[in-house]
2 protein chains.
Amino acid sequence: MAKTDNSTRYRVKPGSKVELQQHDPGYDNGYTKGSPEVEEKLARDLDRICEWQEKLYAESKQALLIVLQGMDASGKDGTISHVMRGLNPQGCAVASFKVPTPQELAHDFLWRIHQKTPARGQIAVFNRSHYEDVLAVRVRKLVPQAVWKARYDQINDFESMLTQNGTRIVKLFLHISREEQKKRLQKRLEDPKKHWKYSPVDDQDSRLWNRYVTAYEEALSRCSMEAAPWYVIPADRKWYRNLAVAEIVEQTLAEMKPQWPQRPEAPAEGGEHV
Amino acid sequence: MAKTDNSTRYRVKPGSKVELQQHDPGYDNGYTKGSPEVEEKLARDLDRICEWQEKLYAESKQALLIVLQGMDASGKDGTISHVMRGLNPQGCAVASFKVPTPQELAHDFLWRIHQKTPARGQIAVFNRSHYEDVLAVRVRKLVPQAVWKARYDQINDFESMLTQNGTRIVKLFLHISREEQKKRLQKRLEDPKKHWKYSPVDDQDSRLWNRYVTAYEEALSRCSMEAAPWYVIPADRKWYRNLAVAEIVEQTLAEMKPQWPQRPEAPAEGGEHV
């Protein structure tokens, strides 16, 4: 069966208005869970990602920044462990952004973010990011409206500067339904291996959920750029989420097209190494 | 004698075109070196700067970033030791930006800069800065033209973000004449206490000098903003340079107007500290 190309299907077109209810969190693009087709495709994309990473590292001219955002229990950690685990850790770092420290709060909101951006040749994965400053911070009213409203432009300027300086940015919104979130949070309470992930804060009432949806819609609509696009990933099915993310990361690296560096010039006849 | 207000006299009006030969590096605004008037004014401004700093620190809502740029031997170190020495070091840090390390070069040019921006309540002094990336880097052709040309906008975006997040920026170009530079470089060779400052690189031929002038003129013209203005400081006379810089820093702090925080609310009748 012909499948749609995920790297364009889920991309938020710059300037377009995102309505999350138009995006089905349970979508699977016609794939079947556990089918050989799915297993092979995922394995192939993961292999290619590793090959691209080797070239990216050797070339040392470009960097890749992968931003992961999503509601609680949307699968950010799972995506990292399933899709990014094959990467060479020497060329890859994950940065998790939690509640800011007093020192971080004493600076502009991009200060701690900028420190973790990838060097040329590297891949950085952000588990949450500067987008929390127009998401959680907005929803929980931690700063005045005028402050968070100014941040969309500040984010676009910052990301433009990064892309102009050689960093490709891919932003993935892991889109789950309210029902799936409830199921997963319940599981955290029941499964001893998942207790540690549970926090009472996770139990959001519906009003809070809806305010997050509005905040995400504005961030996705205002901050998707050609060189730093947002993707809305259907994430109710973990296996499909991994498939889609792997495909998008692979396609992005293919577009970046890192190359093995040229072999250094051989020393000229009679030349010597000094 | 009525003197002009330095904080507006030397400010580069946003959008205006700077021609350095229109600015006299030997200007002294009618003051006399060593006169009681000069000594008293400098002492008064330095005192006020210290008072403002205490409030800035206590208030912890705004930050001040002072950027020092100028040709070799223009007096950046001297300005810091004469004008900034009275500040409380707990609330003030000097960052010197030298030739970038390989790690710094592997990131965008603002990466190392952002890490040193002042936290709220603090004053940071940059001895050289991100402007080197459109000055030395341009003059010495260290990156392609397209790269440094894109940096003016990147700098303005970056500084706008900082100012919108509570950091006032004052940028001081210490303007010396070619003759004065030659004299000072010669002195570095002759004075054993100044030998360490001498480097053969300092001996620029005239062509290099002129290219720096052009580069400075473009940076001053394109990157002077209301909340982050450039000042062209006459710097051939060290005593006058100090006087002018102190006045500008004092005026800037007066405009920022940091306030002593309110006394905390007394606990309510019968209330307890928990």
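Our subject in this report is the structure included herewith. Remember, it's a predicted structure, so these values are computed and weren't measured experimentally.

### Here we look at the overall build of chain A
So, point 1. Per the secondary structure count, chain A includes 11 helices and 5 strands.
So, point 2. For chain A, whose C-alpha radius of gyration is 20 Å, the value lies close to the compact-globule estimate of 19 Å for 274 residues.
So, point 3. The dimensions of chain A, computed from C-alpha atoms along their principal axes, are 75 × 50 × 40 Å.
So, point 4. Of all 274 residues assigned to chain A, the portion counted as buried reaches 52%.
So, point 5. Looking at chain A alone, contacts between residues at least 24 apart form 82% of all its contacts between residues at least 6 apart.

### Observations concerning the interface of chain A and chain B
How big an interface is tends to be reported as the loss of accessible area on association of its parts.
So, point 1. Each partner contributes to the interface: chain A provides 20 residues, whereas chain B provides 20 residues.
So, point 2. Counting across the interface, chain A meets chain B through 0 salt bridges.
So, point 3. Along the contact surface separating chain A from chain B lie 21 residue pairs in polar contact (both at pLDDT 80 or more).
So, point 4. For the side of chain A that touches chain B, the secondary structure elements donating two or more residues are α5 (111-114) and α8 (151-164) of chain A.
So, point 5. Per-element tally for the side of chain A that touches chain B: the top contributor is α8 of chain A, with 5 residues.

### Quick notes on the pattern of salt bridges
All names here are of chain A.
So, point 1. Throughout the structure, instances matching the rule amount to 31 salt bridges over all chains.
So, point 2. With a shortest N-O distance of 2.9 Å, R128 and E132 are connected by a salt bridge.
So, point 3. Shared partners join several salt bridges into a network, and the residues in it are R138, D153, E218 and R222.

### Focus: the sheet that holds strand β1 (residues 63-70) of chain A
Residues and elements named next belong to chain A.
So, point 1. The 5 strands are arranged β2-β3-β1-β4-β5 in an open sheet whose pairing can be described as parallel. Of all strands in the sheet, those with a lone pairing partner are β2 (92-96) and β5 (230-234), marking the two edges. Recorded for the sheet is a direction-independent mean angle of 20° between the axes of neighbouring strands.
So, point 2. Direction of pairing for β1 relative to strand β3 (residues 123-127): parallel, over a ladder of 5 bridges.

### Looking at the relation of the copies chain A and chain B
So, point 1. For the match of chain A to chain B, the screw axis carries a shift of 0.0 Å, the RMSD comes to 0.0 Å, and the turn is 180°. Taken together, the rotation angle and the small translation identify this as a two-fold axis. Minimal C-alpha distance to the rotation axis in chain A is attained by D157 of chain A, lying at 3.1 Å.
So, point 2. An overlap of 100% is found between the interface residues of chain A and their copies at the interface of chain B, pointing to a shared contact surface.

### Overview of the pairing of β1 of chain A
Residue and element names in this part refer to chain A.
So, point 1. Counting buried residues in β1 gives 8 out of 8 residues, a clear majority hidden from the surface.
So, point 2. What you see with β1 is no split at all: A63, L65, V67 and Q69 on one side and L64, I66, L68 and G70 on the other are buried throughout.
So, point 3. Where β1 meets strand β4 (residues 167-175), 8 bridges bridge the pair, whose relative direction is parallel. Along β4, the bridge assignment pairs G70 with L174.

### Some remarks on the nonpolar core
So, point 1. Membership of the largest hydrophobic core comes to 112 residues, with the highest contact counts inside it found for Y131 of chain A together with Y131 and L172 of chain B.
So, point 2. For this core, the element with the highest residue contribution is helix α11 (residues 238-256) of chain B, accounting for 10 residues.
So, point 3. Filtering out sequence-adjacent residues up to four positions away, Y131 of chain B remains in contact with V67, Q69, I155, E159, K171, A219, C223 and W230 of chain B.
So, point 4. Formed by 34 residues, the second largest nonpolar core is a distinct cluster that contains W52, I66, C92 and I233 of chain A.

### Considering the pairing of β5 of chain A
Residue and element names in this part refer to chain A.
So, point 1. Where burial is concerned, most of β5 is hidden: 5 out of the 5 residues are buried.
So, point 2. Burial along β5 is two-sided: the residues W230, V232 and P234 and Y231 and I233 are all buried.
So, point 3. Note: β4 against β5, 5 bridges, orientation parallel. Bridged to L174 within β5 is I233.

### Points about unusual backbone geometry
So, point 1. Even without being a glycine, S60 of chain A presents a positive backbone phi close to 55°.
So, point 2. The topology assignment puts S60 of chain A in the loop between α2 (36-59) and β1.
So, point 3. With phi around 50°, K257 of chain B is a residue other than glycine that occupies positive phi space.
So, point 4. Following the sequence through the fold, K257 of chain B ends up in the segment after α11.
So, point 5. Judged by relative accessible area, K257 of chain B falls into the exposed class, the value being 51%.

### Focus on the packing of aromatic side chains
Residue and element names in this part refer to chain A.
So, point 1. The full count for this structure, using the stated rule, is 16 aromatic pairs over all chains.
So, point 2. Considering the side-chain rings of Y131 and W230, the 4.8 Å spacing of their centres and the 70° angle between planes classify their relative orientation as edge-to-face. Highlighted residues: Y131 in the loop between β3 and α6 (136-139) and W230 in strand β5, separated in sequence by 99 residues.
So, point 3. Here the aromatic residues Y10, Y27, Y31, W239 and Y240 are joined through ring pairs into a cluster of three or more.
So, point 4. The ring of F109 has R151 lying over it, and the distance from NZ or CZ to the ring centre is 4.6 Å.

### Considering the packing of helix α2 (residues 36-59) of chain B against α11 of chain B
Residues and elements named next belong to chain B.
So, point 1. Closest axis-to-axis distance for the α2/α11 pair is 9 Å, and the angle between their directions is 35°. For the crossing formed where α2 meets α11, the hand is left-handed. Counting all contacts with α2, which are made through V38, K41, L42, D45, L46, R48, I49, W52 and L56, the residues of α11 involved are W239, N242, L243, A246, E247, V249, E250, L253, A254 and M256.
So, point 2. Taken together, the residues of the contact of α2 with α11 sort by class into 13 nonpolar, 1 polar and 5 charged.

Definitions and cut-offs
Residues numbered from 1 in each chain as written. Chains lettered and ligands numbered in written order. Predicted model: local features only at pLDDT ≥ 70, side-chain atom pairs only at ≥ 80, totals over all residues. Heavy atoms only, no water. Helix = DSSP H or I, 4+ residues; strand = E, 2+ residues; numbered from the N terminus. Rg over C-alpha atoms; globule rule 2.2 N^0.38 Å. Buried < 20%, exposed > 50% of the residue type's maximum accessible area, 1.4 Å probe, protein only. Contact = heavy atoms within 4.5 Å. Salt bridge = Lys/Arg side-chain N within 4 Å of Asp/Glu carboxyl O. Polar contact = N/O pair within 3.5 Å; in protein donor to acceptor, adjacent residues only side chain to side chain. Pairing = 2+ DSSP bridges. Axes fitted to C-alpha atoms, helices over the stretch in contact; angles between N-to-C directions. Least-squares fit on C-alpha atoms with pLDDT ≥ 70 in both. Core = buried A, V, L, I, M, F, W, Y, C linked by side-chain atoms within 4.5 Å. Phe/Tyr/Trp six-rings, centres within 6.5 Å; stacked < 30°, edge-to-face > 60°. Lys NZ or Arg CZ within 6 Å of the ring centre and 35° of its normal. Left-handed = near helix turned anticlockwise from the far one by under 90°. Nonpolar A, V, L, I, M, F, W, Y, C, P; charged D, E, K, R; others polar.

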